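Fold and contact review
Take a look at the letters that make up each chain.
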Amino acid sequence: MYRVFEALDELVTIVEEARGVPMTASCVVPRGDVLELLDDVRDALPGEVDDAQDVLDKRDELITKARHEAETTVTGANAEAERTISDAAAEADRLVAEARARAEQMLADAHNEADRTVAAGQAEYQNLTERSRAESERMIQAGRDAYDRAIDEGRAEQARLVAQTEVVQAAHAEAARIVDEAHGEADRQRADCDAYVDGKLAEFSELLATTLRTVDSGRNHLRAPASLGRNTVYDYQA
């Protein structure tokens, strides 16, 4: 191929350096030199054309091979992608099943804990109520007994002092004071009993509030994972 370009360059040089014909655009070139260069071009072209055809054939072979390899690669990639997607779907199903099982177990544990806490609270409430009622009755009875004793003592003292004219007024005053103290002691004991019962009921109310907050916290923790499975909502404050 180099000889073809070299011969063409020499032809161009001959034409450029050729003597021109006056009054025309023609020129006079050496016929022998031009024909010799044209023969060189004619002899060089078949081999170069064959080489070019070999290059073209090789290019087509390479393109076909590359296309086949590309198709093979794409087919393998598609199969690998399908296998990866299938494995990912199976893994996702497994993770969802495990998450659902954990959520159901945590929900069951929360139910059991709530039931246990409520049962313990109810038992504690009943126990406190019974003890408070017994303590209230005992204190009321003690107040009544103290009141009755004070009345009896006042009456006895009054009867003893009635015979003494000079101390009758003082006896009345003392009897009234004793009666007032008895009433005051009964009222105080009744107020202490009410304060005791109210304190115990307040402690039980705080226990129930803490239990409900614990259950609500568990519900809030389970609410997001539970959306993977079912949408059941539990409200223990209903």
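Residues numbered from 1 in each chain as written. Predicted model: local features only at pLDDT ≥ 70, side-chain atom pairs only at ≥ 80, totals over all residues. Heavy atoms only, no water.

Considering the confidence of the model for the protein chain
Of all residues in the protein chain, 86% attain a pLDDT of 70 or more, and the chain-wide mean is 79. Looking at the elements of the protein chain, mean pLDDT is at its lowest for strand S1 (residues 19-20), recorded as 78, and at its highest for helix H2 (residues 31-162), recorded as 82. Contacts of residues 232-238 to residues separated by more than four positions or lying in other chains number twelve contacts, the stretch itself having pLDDT below 50. (pLDDT = per-residue confidence, 0-100. Helix = DSSP H or I, 4+ residues; strand = E, 2+ residues; numbered from the N terminus. Contact = heavy atoms within 4.5 Å.)

Looking at the nonpolar core
Counting residues in hydrophobic clusters, the biggest one holds eight residues: Val-4, Ala-7, Leu-11, Ile-14, Val-34, Leu-37, Val-41 and Ala-44. If sequence neighbours within four positions are ignored, Ile-14 has contacts with Val-29, Pro-30, Asp-33, Val-34 and Leu-37. (Core = buried A, V, L, I, M, F, W, Y, C linked by side-chain atoms within 4.5 Å. Buried < 20%, exposed > 50% of the residue type's maximum accessible area, 1.4 Å probe, protein only.)

Considering the packing of aromatic side chains
Within a pair of aromatic rings, the relevant descriptors are the distance that separates the centres and the angle that separates the planes. Applying the stated rule across the entire model yields one aromatic pair. Ring geometry for Tyr-125 and Phe-204: centres 4.8 Å apart, planes at 35 degrees, overall tilted. Of this pair, Tyr-125 sits in helix H2 while Phe-204 sits in helix H3 (residues 168-226); the two residues are 79 residues apart in sequence, bridging distant segments of the chain. The exposure class of Phe-204 is buried, given its relative accessible area of 11%. (Phe/Tyr/Trp six-rings, centres within 6.5 Å; stacked < 30°, edge-to-face > 60°.)

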